[in-house]
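Breakdown of the fold
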Amino acid sequence: MNKKNRLRRTMMFLNAQKPTLLKDPFIYGPDSLIFDLEDAVAPEEKDAARFVLAHALKKVDYHNCEKVVRINGIDTPYWKEDIRCAVFAGCDSIRIPKTESAEGVKEVEAEIIKAEQEAGVELGSTLLMAAIESALGVLNLQEICGASPRLFGVALSAGDYTKDLHTVITGTGVELNGARQQMIITARAMNVQCFDTVYTDLDDMDGLRKETQLIHDMGFDGKSIINPRQIPIVHSVYTPSRKDIIFADKVVKEIDEKRAQGIGVFTVDGKMIDVAFYDGAKRTIALAKAAGVYQEVEND
Ligand SMILES: CC(C)(COP(=O)(O)OP(=O)(O)OC[C@H]1O[C@@H](n2cnc3c(N)ncnc32)[C@H](O)[C@@H]1OP(=O)(O)O)[C@@H](O)C(=O)NCCC(=O)NCCSC(=O)C[C@@](O)(CC(=O)O)C(=O)O
Ligand SMILES: [Mg+2]
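Residues numbered from 1 in each chain as written. Chains lettered and ligands numbered in written order. Predicted model: local features only at pLDDT ≥ 70, side-chain atom pairs only at ≥ 80, totals over all residues. Heavy atoms only, no water.

**Concerning the overall build of the protein chain**
Secondary structure summary: the protein chain contains 13 helices and 10 strands in total. In terms of C-alpha radius of gyration, the protein chain reaches 20 Å, essentially the compact-globule figure of 19 Å for 300 residues. With the principal axes as the frame, the protein chain shows a C-alpha extent of 65 × 45 × 40 Å. Scored against the burial criterion, the 300 residues of the protein chain give a buried share of 48%. Taken as a whole, the protein chain presents about 14400 Å² of accessible surface, with 53% of it coming from carbon and sulfur. Of the side chains in the protein chain, 37 bear a positive and 46 a negative charge, and the two mean positions are spaced by 4 Å. (Helix = DSSP H or I, 4+ residues; strand = E, 2+ residues; numbered from the N terminus. Rg over C-alpha atoms; globule rule 2.2 N^0.38 Å. Buried < 20%, exposed > 50% of the residue type's maximum accessible area, 1.4 Å probe, protein only. Areas by Shrake-Rupley, 256 points an atom, 1.4 Å probe, with all protein chains shown as cover. Lys, Arg positive; Asp, Glu negative; His and termini not counted. Charge placed at Lys NZ, Arg CZ, Asp CG, Glu CD.)

**A few points about the coordination of the magnesium ion (ligand 2)**
The protein atoms donating to the magnesium ion (ligand 2) are E133 (OE) and D160 (OD), with metal-donor distances spanning 2.1 to 2.2 Å. Pair noted here: E133 is in the loop between β5 (127-132) and α5 (135-139) and D160 is in helix α7 (residues 158-164), with a separation of 27 residues, a long-range link. Side by side, E133 and D160 carry an identical accessibility label, which is buried. (Donors = N, O, S within 2.8 Å, 3.2 Å for Na, K, Ca; no water.)

**Side note on the pairing of strand β2 (residues 32-36)**
Where burial is concerned, most of β2 is hidden: five out of the five residues are buried. Relative to β2, strand β1 (residues 10-15) is paired through five bridges, and the arrangement is parallel. Bridge assignment links M12 to a residue of β2, and that residue is L33. Here five bridges tie β2 to strand β3 (residues 66-70), and the two strands are oriented parallel to one another. Within β3, the residue paired with D36 across the bridge is R70. (Pairing = 2+ DSSP bridges.)

**Section: the site of ligand 1**
Within the structure, ligand 1 sits among 19 residues, and F13, R70, S157, G159 and I226 are positioned closest to it. Between ligand 1 and R70 there is a distance of 2.8 Å, counted from an oxygen atom to a side-chain nitrogen or oxygen. Between R95 and ligand 1, the recorded distance is 2.9 Å, taken from a side-chain N or O atom to an oxygen atom. Contact with the protein chains covers 63% of the free accessible surface of ligand 1, which is 1100 Å². Looking at the shell around ligand 1, the elements that each hand over two or more residues are β1 and α7. Broken down by class, the residue content of the shell around ligand 1 amounts to 10 nonpolar, three polar and six charged. (Near = heavy atom within 4 Å. Polar contact = N/O pair within 3.5 Å; in protein donor to acceptor, adjacent residues only side chain to side chain. Nonpolar A, V, L, I, M, F, W, Y, C, P; charged D, E, K, R; others polar.)

**Describing the sheet that holds β1**
The eight strands are arranged β1-β2-β3-β4-β5-β6-β7-β8 in a closed barrel whose pairing can be described as parallel. Geometrically, the sheet is characterised by an average inter-axis angle of 25° between neighbouring strands, direction not taken into account. With three bridges joining them, β1 and strand β8 (residues 222-225) adopt parallel strand pairing. From the neighbouring strand, M12 faces β8, where its bridge partner is I225. (Axes fitted to C-alpha atoms, helices over the stretch in contact; angles between N-to-C directions.)

**Side note on helix α2 (residues 46-59)**
The first and last C-alpha atoms of α2 sit 20 Å apart over 14 residues, in line with the 20 Å expected at 1.5 Å per residue. Restricting attention to buried positions, one finds in α2 the residues K46, A49, R50, L53, A54, A56 and L57. The buried residues of α2 occupy an angular sector of 165° when the element is viewed end-on, so they sit on one face. Exposed side chains of α2 directed beyond 90 degrees from the buried face belong to D47, F51, K58 and K59. Where α2 is buried, its residues meet α1 (19-22), β2, β3 and α3 (79-89). (Expected span 1.5 Å × (residues − 1). Arc of directions from axis to C-beta. Contact = heavy atoms within 4.5 Å.)

**A look at the packing of helix α8 (residues 177-189) against helix α9 (residues 205-218)**
Between two packed helices, both the angle of their axes relative to each other and the distance between the axes serve to describe the pair. Where α8 contacts α9, the two axes come as close as 10 Å, and the packing angle between them is 35°. The element α8 and its partner α9 pack so that their crossing is right-handed. Between α8, through N177, R180, Q181 and I184, and α9, the contact on the second element is made entirely by E211, L214, I215 and M218. Within the contact of α8 with α9, the residues separate by chemical class into four nonpolar, two polar and two charged. (Left-handed = near helix turned anticlockwise from the far one by under 90°.)

The following block contains the structure:
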């Protein structure tokens, strides 16, 4: 998997102004960290938060975790300085909140290019993701997904989205499923990743598991999260099981062998298999390798 398509089962938000959170969040093992300069930081604290974040990004080794910075919205006075801070300090990606148009993505990209040039950072190396937090954002998804070659994915943000829809997060998913379906279809058509929203009830791990299973089955690549206790649950849903890996290996091997014999359709463990299942099996193996669990099965 390359940098754009890397494993992103969990993208964990943390308040960029809190040194206690910034100093060692990699120990919990999320795939990505989202350092938040937007809604978690009060307006009068934005400068202080940038200062703390820049220091952390320069000094802390975040190991394998991707370093994403959520900037403030492009309708605020803060976002350009957020980008300068993030790029100069060495972030991997920028998360644009409340994205509503391709134009907005392009404005952010232009500012990133300026910062990369000034900072002497490799041009094009800072990736982008867009959070969809309104009905207009959902309607304009296709142009947003195609707005920049740096854009690796789109993420649903239910707090602001339900506000825009004049509803609330119900826990049933009824208010989110239209957007979820449109997002995954558009993201796949446009070849970018797709992430689900945060689950805000930290005391309801069963609810989190059910929601994660739902979005996994819909095709999402992962989920934004807010707390380290949510990581094992999301990872357990997203990491292929031993049974999945063994089956995927068999499917790939059998399709390769049967193809050489001129056979198109056959069964593996009682299930009909043809070439349509090849890419899915390969994806399971790639996911297992990226998650570090493939080796264990292979060595047995
Ligand atoms: C909720 C709570 C305060 C609870 O804290 P508590 O301390 O009670 O939790 P505990 O479980 O007791 O913590 C056990 C240990 O983990 C440490 N620990 C906790 N959380 C950690 C973390 N995130 N990163 C690293 N470390 C962490 C903690 O320091 C402790 O360490 P230690 O003392 O050493 O044992 C905390 O989690 C937290 O701040 N979460 C992030 C909140 C945030 O950023 N929200 C903004 C983004 S969403 C948004 O904006 C909406 C959105 O825009 C979404 C979209 O765009 O998708 C939309 O529209 O929907
Ligand atoms: Mg939001």
